[in-house]
Structures are given as C-alpha cells and as structure tokens.
Amino acid sequence: LGVLVNATGVSWVDGGPAVEMSIFGGKLQTTSGFTSGRGIITIRPNVTTASPAETAGKVESRSSAPAAGLPGVRVLDRVSEAGAAAPIEEAKIIIAGGRGVGGPDGFRIVGDLAEALGGAVGASRAAVDSGWIPYSQQIGQTGKIVKPELYLALGISGAIQHKVGMRTSGAIVAVNRDADAPIADFADLFIVGDIFEVGTALLDLIRARSG
Ligand SMILES: Cc1cc2nc3c(=O)[nH]c(=O)nc-3n(C[C@H](O)[C@H](O)[C@H](O)COP(=O)(O)OP(=O)(O)OC[C@H]3O[C@@H](n4cnc5c(N)ncnc54)[C@H](O)[C@@H]3O)c2cc1C
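Below: a short report on this structure. Computed from a predicted model, the values in this text were never measured in an experiment. Here the residue numbers are simple positions, counted from 1 along each chain's written sequence. Side-chain atom pairs in this predicted model are given and counted only at pLDDT of 80 or more, local residue features only at pLDDT of at least 70, and totals for whole chains, interfaces and linings cover all residues. Calculated side-chain values reflect all of the structure's heavy atoms, with hydrogen atoms and water omitted.

**Some points on the pattern of salt bridges**
Salt bridge, as applied in this entry: a Lys or Arg side-chain nitrogen positioned within 4 Å of an Asp or Glu carboxyl oxygen. For the structure shown, the criterion picks out four salt bridges. For Glu 60, the salt bridge identified is with Arg 62, shortest N-O distance 3.2 Å. Residue classification places Glu 60 among the partly exposed positions, given a relative accessible area of 44%. Across the pair Arg 108 and Asp 105 runs a salt bridge, and its minimum N-O distance is 3.7 Å. Each member of the pair, Arg 108 together with Asp 105, is exposed. Buried, partly exposed and exposed residues are distinguished by accessible area as a fraction of the type maximum, computed with a 1.4 Å probe on protein chains only: under 20%, between the cut-offs, and over 50%, respectively.

In structure tokens form, the structure reads like this:
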C-alpha cells in the first residue's frame, strides 16, 4: 500500500487523489498519486477545515498479519525540547513577531500581548534564523501551519512562505510601518504604524479592560 505523508493539499483528479507535498525544506512542491488503487494519505495539521461528510462512511473490517522481522522499540528516555514554549498548532490566539521586532528584546511586547490575550507566541523565519526565538515557534512553509481564531502579526512583511502557514486563520490583524507590505493584501485589519507604539497602546487597553 502506498503512503503519502504530510500533505499540504489533496484534490480529486481523473478518479484518483492528487496529493500536494512540500519537500526538501520547502524548496520543491510536488503533486503525487498512487499507482495502485489504494493508499494512505496523512495531512499536515491545520491545512484544511474538517466538515461533515455528505454520506456516512462504510467500515470494512480487515485483518492483517504482523509484519515479520521488524525490531521491537523500547523507550529509553524522554527529554523536553530545549526552549519549547506553548505549542502553537492548537492555539486559538497567536501573536507573531517578525524581523520588525528588531531583536530578542523586541519579543517582549509580543510575549506580553500573548500573555494578556491568553495566546501563544509565533514567529517568522527571519526572526527564527536570527536566533531571536526557537524554531518550534516558526510559522510557514518550513515551520508550523496554524489556524487560530486570531492571528496578530507584528513586523512581518507577509512573504508567501509565511502566508501558507497562517492564511487559514480566522481573523488576521497586522501591524507594519510599511503601508505597502504584502501582508496588507490578505490581512482582515491592517494597521500602519510602529509595532512598539501600537503594541504598547493595545496592551494598555487590554490590561485596562481586564481590570
Ligand atoms: C524555501 C523557503 C522556505 C521558507 N520558509 C519560511 C517559513 O516557514 N516561514 C517564514 O516566515 N518565512 C519563510 N521563508 C522566508 C520568507 O521568504 C521571508 O524571508 C520571511 O518570511 C520574512 O520574514 P519577516 O516578514 O519577519 O521579515 P521581512 O520580510 O524583513 O519583514 C519585516 C517587516 O517588518 C516591518 N517593520 C520593521 N520595523 C518595524 C516596526 N518598528 N514597526 C512596524 N513594522 C516594522 C517592515 O516594514 C517589514 O515589512 C522561507 C523562504 C524560503 C526560500
């Protein structure tokens, strides 16, 4: 049985699935199908919205012989990922920082807003590659795909590789001092301004409201 993993999209073409995958660290996008009639496809989290099937599925019971010769697996130890923060894949609110935060200290306002709103901190690859925040928080083609109800982007330009990781978010709010930043084209609310000025004003407002 063929297995296609971590699909970023699946469509039905000529009676079979056409499965899109991102490979070689996001450098290539491939479209694959099965040469035999059946196969297993696993989908990357958050790339699609689940909806009820039009008709009920049919359960087919099958037995399978245990695979011969596979070595047993024994867990020797468990270690936590260094610097791991709140998981972003399931977060309902994400505050993400990009190169515009200017450095590790700039992530303080991002973290404060996330804490005030009960959300998680995300980042663009530019911020991760600069060493300001761990890779576990990277959103995009070579990071996590997220689908929060609110995505607040601070100092992120909105490159396509970032967009593919957050475009299915409920409401996208972006703060950028460049009125022509690409993220303006797909944000629901775009604020032209300095992230520290806007972020601090927003934080004061949230804290005042939550008493
Ligand atoms: C194969 C491949 C895979 C990639 N995968 C990813 C990925 O998974 N995720 C990802 O994010 N990127 C990815 N990238 C990189 C992507 O192309 C962009 O380079 C990256 O997303 C840019 O990050 P950024 O928006 O933080 O930085 P920039 O593009 O430099 O944008 C910074 C923004 O901050 C604004 N700004 C600066 N200072 C302030 C301020 N004080 N107040 C307000 N606004 C300010 C600027 O106007 C600018 O718009 C990938 C690239 C390649 C080639």
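Here the narrative resumes.
**Overview of the sheet that holds strand S10 (residues 189-192)**
As a general point, the strands of a sheet are linked pairwise by backbone hydrogen bonds and lie either parallel or antiparallel. Note on pairing: DSSP must find at least two bridges between two strands before they are called paired. Each helix is a run of H or I in the DSSP string that is no shorter than four residues. Each strand is a run of E no shorter than two, and both are numbered from the N terminus. Pairing in this open sheet of five strands is parallel, and the strands run S7-S6-S8-S9-S10 from one edge to the other. Looking at strand neighbours, the two that pair on one side only are strand S7 (120-123) and S10, the edges of this open sheet. For this sheet, the mean inter-axis angle between neighbouring strands, taken without regard to orientation, is 20 degrees. Sheet topology places strand S6 (residues 93-97) next to strand S8 (residues 150-154); five bridges connect them, and they run parallel. The residue of S8 that forms the bridge with Ile 93 is Leu 150. Comment: axis = line fitted to C-alpha atoms, over the contacting stretch for helices; angle = value between 0 and 180 degrees taken between N-to-C directions.

**Quick notes on the pairing of strand S9 (residues 171-176)**
With five of six residues buried, S9 lies mostly within the body of the structure. When S8 meets S9, the two strands line up parallel, connected through five bridges. Directly across from Leu 152, in S9, lies its bridge partner Val 173. By the bridge criterion, four bridges tie S9 to S10 in an arrangement that is parallel.

**Considering the sheet that holds strand S4 (residues 28-32)**
The strand order across the open sheet formed by three strands is S2-S3-S4, and the pairing between neighbours is antiparallel. Lying at the two open borders of the sheet, with one neighbouring strand each, are strand S2 (9-13) and S4. Sheet twist, expressed as the mean angle between neighbouring strand axes with direction ignored, is 25 degrees. Across five bridges, strand S3 (residues 16-23) lies against S4 in antiparallel orientation. Following the sheet pairing, Met 21 is matched in S4 by Thr 30.

**Thoughts on the environment of Gly 170**
Structurally, Gly 170 is set in the loop between helix H3 (160-163) and S9. Classification of Gly 170 as exposed rests on a relative accessible area of 52%. Residues Gly 170 and Gly 106, spaced 64 residues apart in sequence, show a C-alpha to C-alpha distance of 25 Å.

**Side note on the site of the ligand**
For this description, a residue counts as near a given molecule or strand if any of its non-hydrogen atoms is within 4 Å of it. Near the ligand there are 26 residues, and of these Arg 99, Ser 124, Thr 142, Ser 157 and Asn 176 occur at the shortest range. Ser 124 has a polar side-chain atom sitting 2.6 Å from an oxygen atom of the ligand. For the shell around the ligand, the elements supplying multiple residues, two or more each, are helix H2 (125-129) and H3. Polarity classes work like this: nonpolar for Ala, Val, Leu, Ile, Met, Phe, Trp, Tyr, Cys and Pro, charged for Asp, Glu, Lys and Arg, and polar for all others, with Gly in that last group. In the shell around the ligand, the residues fall into five nonpolar, 16 polar and five charged. In protein, a polar contact requires one atom able to donate a hydrogen and another able to accept it; more generally it is a pair of N or O atoms within 3.5 Å, and residues adjacent in sequence count only if both atoms are side-chain atoms.

**With respect to helix H4 (residues 195-209)**
Residue count minus one, scaled by 1.5 Å, sets the expected span of a helix. Taking 1.5 Å per residue, 15 residues should reach 21 Å; H4 reaches 21 Å between its end C-alpha atoms and fits that length. All of the buried residues along H4 are Ile 195, Gly 199, Leu 203 and Ile 206. Axial view of H4: buried residues confined to an arc of 65 degrees, hence all on one face. Exposed residues lying more than 90 degrees from the buried face of H4 are Glu 197, Leu 205, Ala 208 and Arg 209. Whether two residues are in contact is decided by their heavy atoms, any of which lying within 4.5 Å being enough. Buried residues in H4 make contact with helix H1 (107-117), S8 and S9. The N-cap residue of H4 is Asp 194: its side-chain oxygen and the backbone nitrogen of Phe 196 are 2.9 Å apart. In the segment just after H4, Gly 211 is the residue with positive phi, at about 70 degrees. This arc corresponds to the set of directions leading from the helix axis out to the C-beta atoms.

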